[in-house]
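# Structural description and commentary
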Amino acid sequence: MNSTRLLQTRLVTPTARVFQMIGKNNAAAPVQLRAFSTGKPVNQDKPLDSEFVKKHRPISPHFTIYQPQITWYGSIIHRITGAGFATLFYAGVMTYAVGDFNTAALVSTVGALPVGVKVAGKFILAWPFMYHSFNGIRHLVWDAGRCLTNQGVINSGYLAIGSSAAAALGLACM
């Protein structure tokens, strides 16, 4: 028997047995639960209180176990920048819709700031926008089936960070 057929047999057989049991008895055979941490049988008649769940729940791998990677940071930063810009957008819309916002006063206040503060402020606003944009392009490249190897993902992560920093610096110095 070739390996593909053997794999299909192993994947299909347990499901077929469950359906056979359901068909004969209209109920599946009782399954003995085991605690994930101890491997001992669990009393199924006992209600699942919070202490029981805390003691016997499965613990999935956690970021304290694994070494941090560029993909983690990229994903977190992408989500934070997206949520931040959505919040800023809705706050701006609500400010203009509800309140009497004096745009001329804001423009004159920003115009009176020193050049270094303006450049820093523009960079602080430009970098998250540029990173979110470049990382979105990175995801579109992945959707096209390119750069999906481990090294390609790592390189594209550093490329997104570097290009967003360069573009933000260019925008801030304008």
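One structure accompanies this document, and this report is about it. Counting from 1, residues in each chain are numbered in the order their sequence is written. pLDDT decides what is reported in this predicted model: residues at 70 or higher carry local features, side-chain atom pairs at 80 or more are listed and counted, and totals for whole chains, interfaces and linings draw on all residues regardless. Processing note: side-chain calculations cover all non-hydrogen atoms of the structure and skip hydrogens and water entirely.

### Notes on a nonpolar patch on the surface
For clarity, the threshold we go by: Residues forming no salt bridge and having over 30% relative accessible area are the ones grouped into patches, like charges within 9 Å of each other and nonpolar side chains (Val, Leu, Ile, Met, Phe, Trp, Tyr) within 5 Å. The Shrake-Rupley method, run with a 1.4 Å probe, gives the accessible areas here. Residue values count only the displayed protein chains as cover. Definition used for salt bridges: Asp or Glu carboxyl oxygen within 4 Å of a side-chain nitrogen of Lys or Arg. Think of it this way: any DSSP run of H or I at least four residues long counts as a helix, any run of E at least two long counts as a strand, and we number them from the N terminus. Only protein chains enter the accessibility calculation, which uses a 1.4 Å probe; a residue is then buried when its area is under 20% of its type maximum, exposed when over 50%, and partly exposed in between.
A grouping of Tyr 96, Phe 101, Leu 106, Val 110, Leu 113 and Val 117 is seen on the molecular surface, where their side chains present a nonpolar patch of about 530 Å² in accessible area. Looking at the element boundaries, Leu 106 is found in helix 4 (residues 103-111). Residue Leu 106 is classed as partly exposed on the basis of its relative accessible area of 43%.

### Brief notes about the side chain of Asn 135
Basically, it comes down to this: N or O atoms closer than or at 3.5 Å make up a polar contact, with two conditions inside protein: a donor-capable atom paired with an acceptor-capable one, and, for residues adjacent in sequence, both atoms drawn from side chains. Working rule for contacts: check all heavy atoms of both residues, and any pair within 4.5 Å makes them a contact.
Within the secondary structure, Asn 135 is located in helix 5 (residues 115-143). Here the side chain of Asn 135 touches His 78 through a polar contact of 3.1 Å, side chain to side chain. Setting aside chain neighbours within four positions, we find Asn 135 in contact with Gly 74, His 78 and Ala 160.

### A closer look at helix 5
Heads up, the condition is: Helix span is expected to be 1.5 Å times the residue number reduced by one.
The end-to-end C-alpha distance of helix 5 is 41 Å, a good match for the 42 Å that 29 residues give at a rise of 1.5 Å each. Residues of helix 5 that are buried include every one of Ala 126, Pro 128, Met 130, Tyr 131, Asn 135, Arg 138 and Trp 142, and no others. Turning to helix 5, the residues buried within the fold contact helix 3 (70-98) and helix 6 (150-172). Downstream of helix 5 by one or two residues, Gly 145 has phi in the positive range, about 85 degrees.

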